[in-house]
Amino acid sequence: MATKPGILTEWPWARLGNFKYLLLAPFVGHSIYSFIMSKDESQRDISYIFILPYLLSRMIHNQIWTSLSRYRTAKGNNRILDKSIEFDQVDRETNWDDQIILNGVVFYIAYLKFQQTHHLPLWRTDGIIITALMHIGPVEFLYYWLHRAFHHHFLYSRYHSHHHSSIVTEPITSVIHPFAEIVAYLTLFLIPMTTTLFTGTASIASLGAYTTYIDFMNYMGHCNFELIPKWMFSMFPPLKYLMYTPTFHSLHHTQFRTNYSLFVPMYDHLYGTVDKSLDTLYEKSLERKAELPDVVHLTHLTTPESIYHLRLGFASLASRPHASKWYILLMWPVTLWSFFITWIYGQTFVVERNLFRNIKLQTWAILKYRKQYFMQGQRDTINNLIEEAIMEADQKGIKVLSLGLLNQQEEQLNNNGELYIRKNPQLKVKVVDGSSLVVAVVLNSIPKGTSQVVLRGRLSKVSCSIALVLCQRGIQVIMLDEEEYKRLKARLTPEAATNLVQSKTYLPKIWLVDDGLSEDEQLKAPKGTLYIPFSQFPPRKVRKNCFYFNTPAMLTPKHLENNWLPRRVMSAWRIAGILHALEGWNEHECGDMMLDIEKAWKASLDHGFRPLKMTSAA
């Protein structure tokens with residue numbers, strides 16, 4: 001919101017939420033009905049029916065630019081600003097589609113009110129030329145002075161400060177303005193359109209191409225990386241007055257009093273408002289190489305819908321990765337297509353970047369879904385992808401690579417990463433499975449004074465270590481399954497094994513579980529039971545009278561920049577890799593290798609990580 005919101009700051013349909021799309025429903029229905037039901041072929045107007053696909057194409061266009069910008073910014077090559085994007089900006093920019101809805105309403109009403117909009121030809125060259133001249137002339141000139149007016153303290157505090165709250169821009173930022181400001185800009189952009197309509201030179205191409213040009217330049221200019229090559233300006237020097245660059249507009253968001261032009265910098269050159277550091281920053285951004293991180297966290301896709309929750313996906317979903325939205329179901333064709341793509345083509349890609357003091361962090365993701373990790377035919381492929389990522393990290397001089405989610409399966413895949421260490425004993429990069437910190441987080445999640453716990457789930461490196469520590473501390477560990485009890489007892493020392501019990505009757509209210517906990521097993525637990533997961537994935541919640549804790553994770557300190565996770569929460573497996581680099585631990589943590597649990601826990605607290613608190617029941 002602006003510093004001092006003025007009149008018409010809020011969008012008229014702001015309170016409707018996602019129901020705002022219903023504003024377009026009558027127009028869309030009427031256009032489809034008119035096109036289908038017209039008996040006379042000549043009465044069917046493609047101009048009217050074209051509005052809906054045009055609006056959809058604008059949404060797709062926006063998402064393509066946003067995903068590209070986030071990917072390139074994460075990699076670091078040609079990045080302009082290093083400052084991170086925080087959650088207040090993400091929340092502020094969730095209404096990026098409002099201006100598309102407004103455009104749709106204006107176009108539909110214009111069609112119904114003005115005969116000149118009917119039966120437009122697909123192409124008219126004179127209309128294209130008039131549109132270009134009207135934009136370079138009146139539109140750019142008027143925008144320049146309107147933009148300068150919006151930077152006057154009266155209008156800036158009431159309107160334009162909302163847009164400038166985003167110092168580091170991304171394509172989605174370009175359309176984040178108060179309602180009154182968007183109306184003012186739309187009025188300017190309608191000048192070439194109405195001119196061609198009322199001179200009879202308009203065409204579907206001129207109107208569609210002009211709005212696409214506006215979107216293209218708007219999105220490009222708000223990217224936080226430079227992509228306009230220097231040779232373009234060398235071959236045609238006047239181009240610097242006719243086309244801006246992302247660097248040009250980035251300086252406007254950091255300096256505020258320079259670079260006011262829309263897309264044509266000519267007027268800034270004429271009125272002396274070009275930022276003096278433009279050429280230097282432009283060349284510096286072009287020369288910037290891809291960033292080499294100190295720590296890489298290697299993860300993978302989870303459910304097929306997880307592609308929409310990626311940092312490269314939808315902003316509002318990426319900032320709330322556990323939120324479920326009904327409209328994702330409507331995108332099942334894309335979801336299904338992505339699943340087949342991952343089956344045929346697997347690759348590792350950069351998802352995001354972070355900065356922890358002077359430690360540079362990146363997250364890499366393997367293009368495979370969780371289900372594929374349990375398919376026999378995919379295991380060799382996945383193992384090869386993990387090994388390739390480790391070897392790439394080693395070649396780049398990365399210090400630590402932590403294995404996230406199922407990239408560290410024991411029996412089914414690679415024995416917590418030990419497979420890669422045995423195959424490549426010369427590795428300099430330290431491979432970390434994070435088990436010691438995970439055990440520490442789980443142990444410190446158990447309420448103080450607890451004397452008995454139920455341990456239910458797959459016997460893994462983590463679960464066995466938890467059981468060992470609890471038994472050594474004199475806490476009784478109860479197993480429900482007789483076979484699992486025997487297997488675990490064989491792994492414990494005789495002294496510790498005295499606190500391991502197999503029982504199906506008397507059950508305490510503290511359960512340590514993995515994602516395999518069934519509904520029947522949950523129903524055996526007494527009312528008020530606290531389920532504490534020790535696996536990467538939580539069990540399905542089926543009890544409303546019980547409590548479900550988070551999977552092993554911690555709150556991150558405020559100095560961790562650009563943490564694109566659920567409100568500064570990070571998994572213990574990922575934190576373990578960061579601690580490995582911060583502390584300079586010169587050893588792998590994989591296979592059967594475990595670091596000192598107390599040392600890992602103390603290091604996490606020393607570096608500002610804090611335990612999570614349970615806030616609600618199921």
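Small disclaimer: the values here were computed from a predicted structure and weren't measured. (Residues numbered from 1 in each chain as written. Predicted model: local features only at pLDDT ≥ 70, side-chain atom pairs only at ≥ 80, totals over all residues. Heavy atoms only, no water.)

> Hey, could you run me through the environment of Tyr156 in this one?
Here Tyr156 lies in helix α7 (residues 153-164). The partly exposed category is assigned to Tyr156, whose relative accessible area is 21%. When the C-alpha atoms of Tyr156 and Pro5 are compared, they prove to be 9.7 Å apart, with 151 residues separating the residues in sequence. Beyond its immediate chain neighbours, meaning those up to four positions away, Tyr156 contacts Phe150, His151, Ser161, His164 and Phe256. (Helix = DSSP H or I, 4+ residues; strand = E, 2+ residues; numbered from the N terminus. Buried < 20%, exposed > 50% of the residue type's maximum accessible area, 1.4 Å probe, protein only. Contact = heavy atoms within 4.5 Å.)

> Looking at this structure, I do not really get empty space enclosed by the protein. What am I missing?
Unfilled space is identified by rolling a water-sized probe across the atoms. Scanning all chains against the criterion turns up 5 cavities of 30 Å³ or more. Quantified by volume, the largest cavity comes out at close to 370 Å³. Looking at which element gives the most residues to the lining of the largest cavity, the answer is helix α8 (residues 179-198), with 5 residues. Residues belonging to the lining of the largest cavity are distributed by class as follows: 13 nonpolar, 12 polar and 2 charged. For the second largest cavity, the lining is made up of 16 residues, of which Thr73, Ile85, Val168, Asn224 and Arg311 are closest to its centre. When residues in the lining of the second largest cavity are grouped by element, the largest group, 3 residues, is from helix α3 (residues 51-75). Grouping the constituent residues of the lining of the second largest cavity by class yields 3 nonpolar, 6 polar and 7 charged. (1 Å grid on protein atoms, 1.4 Å probe; cavity = no way out; pocket = protein on both sides within 12 Å on 5 of 7 lines; lining within 4 Å. Points joined across faces, edges and corners; volume = space filled by probe spheres on them. Nonpolar A, V, L, I, M, F, W, Y, C, P; charged D, E, K, R; others polar.)

> Would you take a moment to explain the pairing of strand β9 (residues 510-513) for this structure?
Sheet faces and side chains relate simply in a regular strand, where the side chains alternate between the two faces. Side chains of β9 alternate between two faces, with Ile510 and Leu512 and Trp511 and Val513 buried alike. Bridge analysis of β9 against strand β10 (residues 530-533) gives 4 bridges, and the strand direction is parallel. Note on β10: the bridge partner recorded for Val513 is Pro533. Once the chain exits β9 it traverses helix α24 (residues 519-524) before rejoining the sheet at β10, and the crossover so formed is right-handed. (Pairing = 2+ DSSP bridges. Right-handed = clockwise from strand over helix to strand, strands pointing away.)

> Would you explain the domain arrangement of the chain in this entry?
One widely used convention gives an interface's size as the accessible area the parts lose upon coming together. Considered domain by domain, the chain is made up of domain 1 (15-285), domain 2 (293-431 + 565-609) and domain 3 (446-550). Put simply, the middle of domain 2 and the middle of domain 3, counted by C-alpha atoms, are 26 Å apart. Contacts between the two partners involve 19 residues from domain 2, matched on the other side by 12 residues from domain 3. For the pair domain 2 and domain 3, the two sides together bury roughly 1100 Å², of which 52% comes from carbon and sulfur. A salt bridge links Asp515 to Arg370, with the nearest nitrogen and oxygen atoms 2.4 Å apart. On the surface where domain 2 and domain 3 come into contact, there are 5 residue pairs in polar contact (both at pLDDT 80 or more). Breaking the side of domain 2 that touches domain 3 down by element, the ones donating at least two residues are α18 (410-414) and α26 (597-606). Per element, the largest residue contribution to the side of domain 2 that touches domain 3 is 3 residues, and it comes from α18. (Domains from an automatic or database assignment. Buried area = accessible area lost by both parts, 1.4 Å probe. Salt bridge = Lys/Arg side-chain N within 4 Å of Asp/Glu carboxyl O. Polar contact = N/O pair within 3.5 Å; in protein donor to acceptor, adjacent residues only side chain to side chain.)

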